[in-house]
Amino acid sequence: MPRLKHLVYTALALLSIFFLSSYLSTPPPLSAGPEKPSEKKAGTAERLAHVVLTNQEEADVKQDVPPVKKPLEPRPKVKAPIEKPAAQKPIGKPSAEKSGNPGITGKQVYPFPLFLTEDRGDADEKMMDLVREMMAHAWDGYVKHASGADELLTNSHRPFNWYPPYSLLSTPVDSLDTLHIMGLTSRFEDAKKMVLQNLDFDIDTSVSLFETNIRVMGGLLSAWELDGDKRFLDLAEDLAERFNHAFDTPSGLPINSLNLKTRKSEPSNDAVQMAGLAEIGTLQLELQFLADVTDNLVYSAKALKAYDILHSAVLPFPGLYPTKWPVEKVPDIKTPMQEKYSVGAEADSFYEYLLKMWLSTGETKWRDMYDQSAEVIKEHMVQYDGKNAYIPDATSTSAGFSQKSSFHHLSCFAGGMFATGALTSRRNGWASFLDIGTRITQTCWDSYARTKSGLGPEEIYPKDLAPQDMRYQLRPETIESIFYMHRFTHDPIYREMGKAFVASLNKHCRSEAGFGGLRNVLSPNQGVNDLQQSFFLAETLKYAYLLFTDDDTIPLEAYVFNTEAHPVSMRGWGKRKDIPRGRKSQAD
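What this report covers is the structure whose coordinates are included nearby. By convention here, each chain's residues receive numbers from 1 onward along its written sequence. It should be noted that, the model being predicted, local features are given only for residues of pLDDT at least 70 and side-chain atom pairs only at 80 or more, the latter also being counted only at that level, while totals for whole chains, interfaces and linings use all residues. Side-chain metrics in this entry use all non-hydrogen atoms of the structure; hydrogen atoms and water are not considered.

Focus on the packing of helix 13 (residues 364-380) against helix 14 (residues 414-423)
- Packing of helix 13 against helix 14 brings their axes to within 12 Å, and their N-to-C directions diverge by 125°. Relative to helix 14, the element helix 13 is oriented oblique. Considering the relative orientation of helix 13 and helix 14, their crossing is left-handed. In this structure, helix 13 contributes Arg367, Tyr370, Ala374 and Ile377 to the contact, and helix 14 contributes Met417, Phe418 and Gly421.
- Grouping the amino acids of the contact of helix 13 with helix 14 by side-chain chemistry returns five nonpolar, one polar and one charged. The angle between two axes is taken between their N-to-C directions and runs from 0 to 180 degrees, where each axis is a line fitted to C-alpha atoms and a helix contributes only its stretch in contact. Starting at the N terminus, helices and strands are each numbered in turn, a helix being any DSSP run of H or I of at least four residues and a strand any DSSP run of E of at least two. In this scheme, roughly parallel covers angles under 35 degrees and roughly antiparallel covers those over 145, while 65 to 115 is roughly perpendicular and the rest are oblique. The hand of a helix crossing depends on one turn: near helix anticlockwise from the far one by less than a right angle means left-handed, and clockwise means right-handed. Note on contacts: a residue pair qualifies if any of its non-hydrogen atoms lie within 4.5 Å across the two residues. Side-chain classes are defined by residue name, with Ala, Val, Leu, Ile, Met, Phe, Trp, Tyr, Cys and Pro counting as nonpolar, Asp, Glu, Lys and Arg as charged, and the others, Gly among them, as polar.

With respect to the pairing of strand 13 (residues 394-397)
- DSSP bridges decide pairing: two strands pair if at least two such bridges lie between them. With three bridges connecting them, strand 10 (residues 339-341) and strand 13 associate as antiparallel partners. Each residue of the ladder has a partner; that of glutamate 339, found in strand 13, is serine 396.
- Where strand 13 and strand 14 (residues 400-403) come together, four bridges link them in antiparallel fashion. Across the sheet, residue serine 396 finds its bridge partner in strand 14, namely phenylalanine 401.
- Here strand 13 folds back onto strand 14, and the loop between the two strands holds two residues.

Some remarks on the state of the cysteines
- Here, a disulfide means two cysteine sulfur atoms that sit within 2.5 Å of each other. Applying the stated rule across the entire model yields one disulfide.
- With a sulfur-sulfur separation of 2.1 Å, cysteine 412 is cross-linked through a disulfide to cysteine 444. Here the S-S torsion is close to -90°, and the disulfide linking cysteine 412 with cysteine 444 is therefore left-handed. Highlighted residues: cysteine 412 in the loop between strand 15 (407-408) and helix 14 and cysteine 444 in helix 15 (residues 430-449), separated in sequence by 32 residues. Exposure class is identical for cysteine 412 and cysteine 444. Each is buried. Accessible area is worked out with a 1.4 Å probe on protein chains only. A residue is then buried under 20% of its type maximum, exposed over 50%, and partly exposed in between.

With respect to the environment of isoleucine 482
- Tracing the chain through its elements places isoleucine 482 in helix 16 (residues 477-489).
- When near neighbours in sequence (up to four residues on either side) are disregarded, isoleucine 482 contacts Thr441, Trp445, Tyr494, Met497 and Leu547.

Some thoughts on the side chain of aspartate 174
- Inspection of the secondary structure assignment puts aspartate 174 in helix 5 (residues 170-182).
- A polar atom in the side chain of aspartate 174 sits 2.7 Å from the side chain of histidine 566. Here a polar contact means two N or O atoms within 3.5 Å. Within protein one must be a hydrogen donor candidate and the other an acceptor candidate, and residues neighboring in sequence count only if both atoms are side-chain atoms.

A closer look at the packing of helix 14 against helix 15
- Two numbers describe how helix 14 lies on helix 15: the axes approach to 7 Å, and their chain directions differ by 160°. Classified by the angle between their axes, helix 14 and helix 15 sit roughly antiparallel to one another. Along this stretch, helix 14 crosses helix 15, giving a crossing that reads as left-handed. Where helix 14 abuts helix 15, its residues Ala414, Gly415, Gly416, Phe418, Ala419, Ala422 and Leu423 lie against Trp430, Phe433, Leu434, Ile436, Gly437, Ile440 and Thr441.

What follows is the structure, encoded as structure tokens:
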């Protein structure tokens, strides 16, 4: 008997050693941190397995040097959700249509020429539910503590208005389409009721033309696109009529400060009244959509004329536009001395809208302007530091460009822009632009992965991606580019980035009332800022959600997002279904 016991114990010990060694040799589960990207995903050609390529295009891609990918840092554990909303079917997929058109994707027929394969990707329902719950939490906190105001002071549990005592209902208007797309139906109906009953533009105060357009105009148009209630369109028309008066300047360029009640621009006290490039060039997408669906060119005529005014100026670097322009008289020639250039603050969405105007209308003049700008940005603005690619602000002098030693988080949207521009045209060295977009996206993500919080700083030094400005302000630009890159490639590395991002938001930015930006990404225990920006609900959470849906939820072949992430249909789809692509938007 003792011998038998000895044999049993020996066998059990050997089995224990076997199972322990097997366990230790097994990779950790996904929740412990993302795995290293597969080697077969490293090259540009392999990453484009999802994209339809001709033989010549394949040859073009193979000439590119693939970017080096850095393995992701282990992501923090997700904090348990406070409340999970009732399961609801997501809204936002277009209905199936039948056609013999070559632009068929599965059962869908989209207006934009097919540039992705019929593989529309798989939805990650678990992550969609998690982001949906975050949106519900942010919205519920606003309703509880700041209903009727522009935004929520998260820590103070109080309302905040940008133009006191008035409110433009920035959070409800910005949230409408996100709630609709996520299928948060009861909350969407509450936001809709709040907007339709209370939004009033007849307020005797000056507002930012730029911000009011991207948030309020964009939000109303997108809500009408998705929901169909004409009262949203009526409000948009009321606002557009007021906007028209901002262009009543000697040059035809708009002044950004507009009194909505008097319909008069209110110049600053500066000796020379200047307008920012983004303020001039981030109106056209929304106003052209409105002109199309109402068949009223008055809404877009002045905004499109502003594009022509800028394009006709003789520039030191054709296609690269200075960030400031005089509204009294545009000089025939912009001299290079002390002009500032940027793809970040004051300029970013100008270039974005050139591309999206072409995508949404099919008018080649906008694509030509974008291509010219993309080329000169690549030549003069894009910088490299090892594997990192970034776009710092610059000032031109007689000696050439003097570029800042850091780049801004706002410029991280350019990853998605360059990739979109490359894949929707595929000409003029398109593969090099795809590589730039890929590398900018990776660089911006690495600036997140290297911080203790897992969130990216406001401004970054490129060499080691150390923060120059420690704040994270709930910004969407990096997750925006990650969303686009995943739609284009289906590379799982991008969803791993998204999972880490969402976990960091929940761990470090979430509070009882909502979400706030971090004061210090390197020291998250310093707490969060006392403001839940409306763009967090409009952009950051929307892009995070769409990263985990299939490609037919707000398909990129049928919709374009304005710079606040409000989707509107392209010509040939949705509310623009009967408008032919390529039709001129301006009278000759």
